Each structure stands twice: as C-alpha cells, then as structure tokens.
Amino acid sequence: MSLADANFKSSALLSQLDEHLKTLTDAQRQEQVKKVKGVFQFNVKNKEGKIGTWTFDLKNGGGSLQKGTVDKVKPDIVIDIADDDFIALAEGKANGQKLFMSGKIKVKGAVMMATKLDS
C-alpha cells in the first residue's frame, strides 16, 4: 500500500523515509530497530481538518512504515501534529520542544521516545 496521500504534504516526506528504509541492508535495519525499540503513530491534521495516520514500527522485524494503524501492533507513542508543522520539523525549520510546549504537538505514551526520532 502506498504511503502517499495527495491531501497531506507530509505523506511525500514519509514516502521518502520509507524509500530510505528500503535502501538499508537487513543488518542496518536491525541496528535501527535495536537502537530505537519503539512504534510511533503519527496523526497528521491537514488544513481541511482531516487526519491521516501513519505508523512507523522500529520495534518489530526490520522496521516498517505504513499508512494507517497496524493490527496487533500497539504504538509506544502517538504524536498528533499539523501537516505544516510536521514538514517544518522534518526540514529543521521548527523545534520539536517549542512545538510541544506551545501545544502544536500533542504526545501520548512514551514521550521521551520522541527524542529517538532524530536518528
């Protein structure tokens, strides 16, 4: 299933991340899973108020990124963020802590796990 969704700018970014993940060797993917040990669920809200969900699993197998939620995989952290803020954060134009403190990012679950997203 494609990660792309024309209604969300961030879906292109997530698709790029997925493509990068696929270029890694099995050993490199296992290393990322070992380092992060977490499942991230991103609920991204676009300008129309619609919410798209993507699940980034860096806990099981060789890691995966999927659109929607994943059956029988409970996220360790759920991040609610606006589409534009997600892009700004990924491009380094926004600070995650500032977005969190100003209420633009809502986090449920293992909050400290968000710091592992840098890697």
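Now for a look at the structure at hand. Residue indices follow the written sequence of each chain, beginning from 1 at its first position. Only residues with pLDDT of at least 70 get local features here, since the model is predicted, and only at 80 or more are side-chain atom pairs given and counted; chain-wide, interface and lining totals rely on the full set of residues. Only hydrogens and water are set aside when side-chain values are computed; all heavy atoms of the structure are taken into account.

Numbered from the N terminus, helices here are DSSP runs of H or I no shorter than four residues, and strands are runs of E no shorter than two. Looking only at helices and strands, the protein features four helices and five strands. Helices and strands in the protein line up, N terminus first, as α-α-β-β-β-β-α-α-β. Values of the radius of gyration come from C-alpha atoms, whereas the globule rule sets the reference at 2.2 Å times the count of residues to the power 0.38. Taken against the 2.2 N^0.38 rule, which gives 14 Å for 119 residues, the C-alpha radius of gyration of the protein at 14 Å falls within 12% of a compact globule. Counting only C-alpha atoms, the protein reaches 40 × 30 × 30 Å along its principal axes. We call a residue buried when its accessible area falls under 20% of the maximum for its residue type, exposed when it is over 50%, and partly exposed in between, using a 1.4 Å probe and counting protein chains only. Going through the 119 residues of the protein one by one, you find that 37% of them count as buried.

On to unusual backbone geometry, then. Residue Lys37 is not a glycine yet carries a positive backbone phi of 50°. With respect to the secondary-structure elements, Lys37 resides in the loop between α2 (26-36) and β1 (38-45). A relative accessible area of 52% places Lys37 in the exposed class. We note that Lys72 has phi near 65°; this positive angle belongs to a residue other than glycine. On the secondary structure map, Lys72 appears in the loop between β3 (64-67) and β4 (77-82).

Turning our eyes to something else, we now look at a nonpolar patch on the surface. A cluster of nonpolar side chains, contributed by Phe100, Met101 and Val111, occupies part of the molecular surface with about 310 Å² of accessible area. Along the polypeptide, Met101 turns up in helix α4 (residues 96-101). The class for Met101 is exposed, based on a relative accessible area of 71%. Candidate patch residues must exceed 30% relative accessible area and have no salt bridge, after which like charges are joined if within 9 Å and Val, Leu, Ile, Met, Phe, Trp or Tyr side chains if within 5 Å. Using a 1.4 Å probe, the Shrake-Rupley method yields the accessible areas, and only the shown protein chains count as cover for residues. Criterion for a salt bridge: a side-chain nitrogen of Lys or Arg within 4 Å of a carboxyl oxygen of Asp or Glu.

The subject of this paragraph is the pairing of β1. Remember that side chains alternate between the two faces of the sheet whenever the strand is regular. Within β1, seven of the eight residues are buried, which leaves the element mostly enclosed by the surrounding structure. By the bridge criterion, eight bridges tie β1 to strand β2 (residues 51-58) in an arrangement that is antiparallel. Opposite Phe42, over in β2, you have Trp54 as the bridge partner. When DSSP finds at least two bridges between two strands, those strands are taken to pair. Between the antiparallel neighbours β1 and β2 lie five residues, among them Gly49 with a positive phi of about 90°.

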